[in-house]
Amino acid sequence: MSQVKKLPSGEYAARFADTPQNMPGKRLGDLAAFKDADISDWMFMRNGKIVGGETIKPLLKSMPKADADALRARMEQP
């Protein structure tokens with residue numbers, strides 16, 4: 001999602017930043033509204049590092065070591 005904005009109602013509005021998968025009728029750039037409870041994962045970049053993206057971490061175990069190490073180096077540590 002891109003152009004995420006919190007609405008006065010407490011919900012959010014954002015646009016699809018790529019072509020949605022398994023969502024017939026939805027396209028790149030379409031507007032979507034959602035609530036906090038609808039968010040299962042999130043990620044953004046801060047100072048060149050990945051913040052969030054918790055669903056990436058379990059995938060690291062199945063990646064080639066060099067690729068996993070490179071991705072870990074891009075992730076911000078708490």
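Within each chain, residue numbers correspond to sequence positions counted from 1 in written order. At least 70 in pLDDT is required for a residue's local features to be given in this predicted model, at least 80 for side-chain atom pairs to be given and counted, and no such filter applies to totals for whole chains, interfaces and linings, which use all residues. Only hydrogens and water are removed before side-chain values are computed, so all heavy atoms of the structure are retained for them.

**Comments concerning the packing of aromatic side chains**
- Any two of the Phe, Tyr and Trp rings considered here, Trp counted by its six-membered ring, make a pair once their centres fall within 6.5 Å; the pair's planes then place it as stacked at under 30 degrees, edge-to-face at over 60, or tilted in between. Inspection of every chain in the model, using the stated rule, returns two aromatic pairs.
- Ring geometry for Tyr12 and Phe34: centres 5.6 Å apart, planes at 15°, overall stacked. Of the two residues, Tyr12 sits in strand E2 (residues 12-15) while Phe34 sits in strand E3 (residues 31-34), which places them 22 residues apart along the sequence.
- Centre to centre, the rings of Trp42 and Phe44 are 5.9 Å apart; their planes meet at 20°, and the pair counts as stacked.
- Owing to a relative accessible area of 38%, Phe44 belongs among the partly exposed residues under this scheme. Each helix corresponds to a stretch of at least 4 residues labelled H or I by DSSP, and each strand to a stretch of at least 2 residues labelled E; elements are numbered beginning at the N terminus. Working definition: with a 1.4 Å probe on protein chains only, accessible area under 20% of the residue-type maximum means buried, over 50% means exposed, and in between means partly exposed.

**What to know about the environment of Glu54**
- Note on placement: Glu54 falls in the loop between strand E5 (49-52) and helix H1 (56-60).
- In this structure Glu54 comes out as partly exposed when scored by relative accessible area, which is 45%.
- For the pair Glu54 and Ser40, spaced 14 residues apart in the sequence, the C-alpha separation amounts to 9.4 Å.

**A look at the pairing of strand E1 (residues 2-6)**
- Summarising burial for E1: zero of the five residues are buried, a small minority.
- Here, any two strands with at least 2 DSSP bridges between them count as paired. Count of turn residues in the E1/E2 antiparallel hairpin: five residues, of which Gly10 carries a positive phi of about 95°.

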